[in-house]
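For reference, the chains in residue letters:
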Amino acid sequence: MASLFSSSAIIFPLAALLRVGLLFYGLYQDHNSAMKYTDIDYMVFTDASRFMSQGQSPYLRDTYRYTPLLAWLLIPTAWQPGWLWFSFGKVLFALADLVAGWLLLLVLRTEHSDMSEKSRLKYASIWLLNPMVATISTRGSSEGLLGVLVMALLWAVLTRRTVLAGLLLGFGVHFKIYPFIYAPSVIWFLSPANKDKPPRGESISLLNQVLSFVTRERITVTVVSLLAFSGLNLWMYSLYSHPFLQHTYLHHLTRIDHRHNFSPYNTLLYLSSSFAGDSSAGESLEIQFESLAFIPQLILSTIAIPLILAKKSLAGAMLAQTFAFVAFNKVCTSQYFLWYLVFLPLYLPSSSFMKSPLLGIGALLMWVISQALWLHQAFQLEFLGVSTFVPGLWLASLLFYLVNCWILGVIITDVGKGGAETSLETKKRV
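Residues numbered from 1 in each chain as written. Predicted model: local features only at pLDDT ≥ 70, side-chain atom pairs only at ≥ 80, totals over all residues. Heavy atoms only, no water.

Asker: Looking at this model, I keep getting lost on unusual backbone geometry. Mind explaining?
Answerer: Glycine aside, residues mostly have negative phi angles, and peptide bonds mostly take the trans form. For the bond from Q80 to P81, the omega torsion is 0°, close enough to zero to count as cis. Its place among the elements puts P81 in the loop between α3 (68-73) and α4 (82-85). With an omega of 5°, the peptide bond between V390 and P391 qualifies as cis. A positive phi angle is found at T63, which is not glycine, with a value near 70°. Examined against the element boundaries, T63 turns out to sit in the loop between α2 (40-53) and α3. Judged by its relative accessible area of 42%, T63 is partly exposed. Non-glycine residue R160 carries a positive phi angle of around 60°. Looking at the secondary structure, you find R160 in the loop between α8 (143-158) and α9 (162-175). R160 sits in the partly exposed class, given a relative accessible area of 21%. (Helix = DSSP H or I, 4+ residues; strand = E, 2+ residues; numbered from the N terminus. Buried < 20%, exposed > 50% of the residue type's maximum accessible area, 1.4 Å probe, protein only.)

Here you go:
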């Protein structure tokens, strides 16, 4: 086992073989089982790509809620023969996993220069050899592409490639809106240490504080990201008009998804969806709920965590932001877990979970068991037709939410206490 992590030439082929094996298993299960391996989202993607290959709008496909760029990437799935090209997107997403793992290694080398390459490979393998990550991508989820964009963004910021960072941030938010939460952390992190604090015993005027905040790096990232985001949106809007805005962005403000949703809001969303259309009481509930659901999520993930953690450890802050965003989101599916799992190898080396194995194993077991309890209730509801909304599914959602809140608290405490030294070392190296 010691030699397993001796070289990336061993780890990456193993990660590729894992995904190849799952791809072939998926073909077998799809052909022989009533319970399909391929994710329903992949069917949505490929249907949208087929419309696009015919010169039509991808939004002709119901429930396609993504940028047209994703459908463009998957146009080969519409080529003939279909049996050969249908899995093109799954292969692309699996390759994206590997690229994200390679970028993860680059960041580990930047953030942990004192760590041996063998140790870095061990931590990177938490992503590369993770069956959950590989399964989600080979089922046809596009989250691996976000892993590439987010890891590339983190690496670009840490190495002070501000133009590239701005382009990646703008493109990432266009591709899937949630990376906007990283903008405050990136801006707050990009500051010379000597401009953030006055010499001891001296005060600094409000004007000088404002002027010191406006640095070339911060301006570059802000302007480039806004131009990239705006340019892509204007381009897509010129092609697909209002359906692009509605399905890519506005839909998420009033989204009511109660299936496969781990969120404690799950039951309320079900009630909202059942009332929608002909009940003024249901409409009132939906409007009130939708307007309030984002408040704790956004305050925590875009304001509180960046201000507290970004200057101590950018990677740690981004992990905490993502974890909070997913845990507090009104819709939480297993694909979203990949959003924060990609940061885990960067956080674990100096975490309480590694310093205290009992704590780490306990946290993992609680996260897995609480998730399994939810899945048990959801299976009875969705496949056996047993109404488990209350109390089973609701209590399972609350338990999973509480476990996530506890883990988030540990992460925030760890990064707040131990991230300052790592961040300072990174700045010195750059």
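Asker: Would you explain the pattern of salt bridges in this entry?
Answerer: Once their charged atoms are close, side chains differing in charge can pair, the charge on each being opposite to the other. Taken as a whole and judged by the stated rule, the model has 9 salt bridges. Close ionic contact of R120 with E117 constitutes a salt bridge, the shortest N to O distance being 2.6 Å. Of this pair, R120 and E117 both sit in helix α6 (residues 117-128), 3 residues apart, roughly one helical turn. Accessibility expressed as a relative area gives 9% for R120, which makes it buried. Classification of E117 by relative accessible area gives partly exposed; the value is 29%. A salt bridge links E143 to K176; the nearest nitrogen and oxygen atoms lie 2.8 Å apart. Here K176 lies in the loop between α9 and α10 (182-189) and E143 lies in helix α8, a separation of 33 residues in the sequence. The class of E143 is buried, set by a relative accessible area of 5%. (Salt bridge = Lys/Arg side-chain N within 4 Å of Asp/Glu carboxyl O.)

Asker: I keep staring at the packing of aromatic side chains and nothing clicks. Help me out?
Answerer: Aromatic rings considered in pairs are described by the distance between their centres and by the relative angle of their planes. If you walk through the whole model with that rule in mind, you get 29 aromatic pairs. For the pair Y347 and F353, a centre-to-centre distance of 6.2 Å together with 75° between the ring planes defines the contact as edge-to-face. For Y347, a relative accessible area of 5% translates into the label buried. When the centroid spacing of 6.3 Å and the interplanar angle of 45° are considered together, the rings of W367 and F400 count as tilted. Here W367, found in helix α20 (residues 357-382), pairs with F400, found in helix α21 (residues 389-429); they are 33 residues apart in sequence, far enough to count as distant. Relative accessible area serves as the criterion here: at 2%, F400 is assigned to the buried category. Among the aromatic residues, ring-to-ring pairing joins Y42, F45, Y59, Y64, Y66, F86, F93 and Y240 into one connected group. Residue placement shows R50 over the ring face of F51; its charged tip is 6.0 Å from the ring centre. Positioned over the ring face of Y42 is K90, at 5.5 Å from the centre of the ring. (Phe/Tyr/Trp six-rings, centres within 6.5 Å; stacked < 30°, edge-to-face > 60°. Lys NZ or Arg CZ within 6 Å of the ring centre and 35° of its normal.)

Asker: Help me understand helix α7 (residues 131-138), please; the structure alone is not making it clear to me.
Answerer: Helical geometry note: an α-helix holds 3.6 residues per turn, so side chains three or four residues apart project in the same direction. For α7, the full list of buried residues reads V133, A134, I136, S137 and T138. On its buried face, α7 is in contact with α1 (8-32), α5 (88-111), α6, α8 and α17 (337-341). Two or three places before M132, at the opening of α7, N130 has a side-chain oxygen 2.9 Å from that residue's backbone nitrogen. Following α7 by one or two positions, G140 adopts a phi angle in the positive range, close to 110°. (Contact = heavy atoms within 4.5 Å. Polar contact = N/O pair within 3.5 Å; in protein donor to acceptor, adjacent residues only side chain to side chain.)

Asker: It is not clear to me how a nonpolar patch on the surface should be interpreted in this structure. Could you clarify?
Answerer: Together, V210, F213, V214, I219, V223 and L227 line one region of the surface with nonpolar side chains, adding up to about 510 Å² of accessible area. Elements supplying a minimum of two residues to the nonpolar patch: α12 (206-213) and α13 (216-248). Take the nonpolar patch: its biggest share by element is 3 residues, from α13. Structurally, F213 can be placed in helix α12. Exposure remark for F213: the relative accessible area of 34% places this residue in the partly exposed category. (Patch = residues over 30% accessible without salt bridge, like charges linked within 9 Å, V, L, I, M, F, W, Y side chains within 5 Å. Areas by Shrake-Rupley, 256 points an atom, 1.4 Å probe, with all protein chains shown as cover.)

Asker: Sorry if this is basic, but what is going on with α9 here?
Answerer: When the terminal C-alpha atoms of α9 are compared, their 20 Å separation across 14 residues agrees well with the 20 Å that a helix rising 1.5 Å per residue should span. With 10 of 14 residues buried, α9 is to be regarded as a mostly interior element. Residues of α9 that are buried include every one of T162, A165, G166, L168, L169, G170, G172, V173, H174 and F175, and no others. Close packing links the buried residues of α9 with α3, α8, α10 and α13. (Expected span 1.5 Å × (residues − 1).)

Asker: Just checking my understanding: could you explain the layout of surface pockets for this structure?
Answerer: The method is simple in principle: a probe with the dimensions of a water molecule rolls over the atoms, and the space it marks as empty is what remains. Taken as a whole, the second largest pocket encloses approximately 620 Å³ of empty space. Taken together, 21 residues form the lining of the second largest pocket, with I126, L344, L348, G360 and L364 sitting closest to its centre. Of all the secondary structure elements, the ones that give two or more residues to the lining of the second largest pocket are α6, α17, α18 (344-347), α19 (352-355), α20 and α21. Sort the elements by how many residues they give to the lining of the second largest pocket and α20 lands first, with 6 residues. (1 Å grid on protein atoms, 1.4 Å probe; cavity = no way out; pocket = protein on both sides within 12 Å on 5 of 7 lines; lining within 4 Å. Points joined across faces, edges and corners; volume = space filled by probe spheres on them.)

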